[in-house]
Amino acid sequence: SQTIHQWPATLVQPVGSPLSLECTVEGTSNPNLYWYRQAAGRGLQLLFYSVGIGQISSEVPQNLSASRPQDRQFILSSKKLLLSDSGFYLCAWNRQGRVQPQHFGDGTRLSIL
Amino acid sequence: EDQVTQSPEALRLQEGESSSLNCSYTVSGLRGLFWYRQDPGKGPEFLFTLYSAGEEKEKERLKATLTKKESFLHITAPKPEDSATYLCAVPNSGGYQKVTFGIGTKLQVIP
């Protein structure tokens, strides 16, 4: 069976500090990978997605970047965090092909002080 | 632009009181619709995929149905453990990789 791991679960960072959130998927190969941000009372906002190693699509201009150094590893980064980067970050994967549901990790709660 | 609207935003039920959640969508050429359950502080958990109008899926006390304009999630005789936020989503018109999520319906089932 497939599993998705996302860490850390919670993170408190000062403004201006760097960020690295990691997500790995097990039990499948060549998945599509996604990073979302979920704000309270708002829907899931797609930040980045990747259909293969080194292939990153950015959905929203922002202070964040993503990388996919290995087939089942997806990293969300920032060089300098802003207060507005606070939120709940979710990683997801799905299979390549038509109408495949996405499967989510348990998320990272990021607080910027 | 693809849109997904869920109603009501919040729903409070007594244990055993059946009800339905609504998900209406605007997308060019529907190819499917997903339902998820999200517990506080957790990622969404996949429940169902519906592929075409008229299709139904069931899981325990949940039954999802799909028409050409909307989907319903029927909850029969709910229990407190059914309390969660329920999200629906549709694949975007422009491609299969991306989906548009609704904001969700927060369901509270009271013992």
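Residues numbered from 1 in each chain as written. Chains lettered and ligands numbered in written order. Predicted model: local features only at pLDDT ≥ 70, side-chain atom pairs only at ≥ 80, totals over all residues. Heavy atoms only, no water.

### Observations concerning the environment of Thr 3 of chain A
Residues and elements named next belong to chain A. Note the following rule: Secondary structure follows DSSP: runs of H or I at least 4 residues long count as helices, runs of E at least 2 residues long count as strands, and numbering of each begins at the N terminus. Throughout this description, buried means an accessible area under 20% of the type-specific maximum (1.4 Å probe, protein chains only), exposed means over 50%, and partly exposed covers the range between. Contact between two residues is taken to exist if any of their heavy atoms lie within 4.5 Å; hydrogens are not considered. Whenever two N or O atoms come within 3.5 Å, that pair is a polar contact, provided that in protein one can donate a hydrogen and the other can accept it, and provided that, for residues adjacent in sequence, both atoms are side-chain atoms.
Positionally, Thr 3 belongs in strand E1 (residues 3-7). What makes Thr 3 partly exposed here is its relative accessible area of 31%. Sequence-wise, Thr 3 and Ser 77 are 74 residues apart; in three dimensions their C-alpha atoms are separated by 22 Å. Sequence-distant contacts of Thr 3, defined by excluding residues within four places in its chain, comprise Thr 24, Val 25 and Glu 26. Separated by 3.5 Å, the side chains of Thr 3 and His 5 make a polar contact.

### Considering the nonpolar core
Keep this limit in mind: For our purposes a nonpolar core is just a set of buried Ala, Val, Leu, Ile, Met, Phe, Trp, Tyr and Cys residues, chained together by side-chain atoms within 4.5 Å.
Residues Leu 33, Trp 35, Leu 73 and Tyr 86 of chain B are the most contacted members of the largest nonpolar core, which totals 23 residues. Put simply, the parts of the chain that give this core at least two residues each are strand E2 (10-14), strand E3 (19-26), strand E4 (33-38), strand E5 (45-50), strand E7 (62-66), strand E8 (70-75), strand E9 (84-91) and strand E11 (105-110) of chain B. The greatest single-element share of this core, amounting to 4 residues, is contributed by E9 of chain B. For Leu 73 of chain B, the residues in contact, after removing those within four places along its chain, are Ser 19, Ser 20, Leu 21, Trp 35, Phe 48, Leu 62, Lys 63, Ala 64 and Tyr 86 of chain B. Listed in part, the 20 residues of the second largest apolar core include Leu 47, Phe 48, Ala 66 and Leu 81 of chain A.

### A closer look at the environment of Pro 44 of chain B
With respect to the helices, strands and loops of the structure, Pro 44 of chain B is situated in the loop between E4 and E5. If near-sequence neighbours (up to four positions away) are discounted, Pro 44 of chain B is found in contact with Leu 44, Leu 90 and Phe 104 of chain A together with Tyr 36, Arg 37, Gln 38 and Leu 87 of chain B.

### A few points about the sheet that holds strand E1 (residues 3-7) of chain B
All names here are of chain B. Condition: Should DSSP find at least two bridges between two strands, the strands are taken to pair. Inter-axis angles, ranging from 0 to 180 degrees, are taken between N-to-C directions of lines fitted to C-alpha atoms, where helices are fitted over the stretch in contact.
Pairing within the open sheet is antiparallel, and its 5 strands lie in the order E1-E3-E8-E7-E6. At either end of the open sheet lies a strand with only one pairing partner, and these are E1 and strand E6 (56-59). Shown here is a sheet whose adjacent strand axes are inclined to one another by a mean of 15°, direction ignored. Pairing analysis gives 5 bridges linking E1 to E3, with the strands arranged antiparallel. Counterpart to Val 4 in the pairing with E3 is Tyr 25.

### What to know about the pattern of salt bridges
Heads up, the rule is: Put simply, a salt bridge is a Lys or Arg side-chain nitrogen that is within 4 Å of an Asp or Glu carboxyl oxygen.
Across all of its chains, the model carries 8 salt bridges over all chains by this definition. Between Asp 71 of chain A and Arg 68 of chain A there is a salt bridge, and its shortest N-O distance comes to 3.3 Å. Across the pair Arg 37 of chain B and Asp 39 of chain B runs a salt bridge whose closest N-O atoms are separated by 3.0 Å. A residue is classified by how much of its surface remains accessible, and Arg 37 of chain B, at 15% relative accessible area, is buried.

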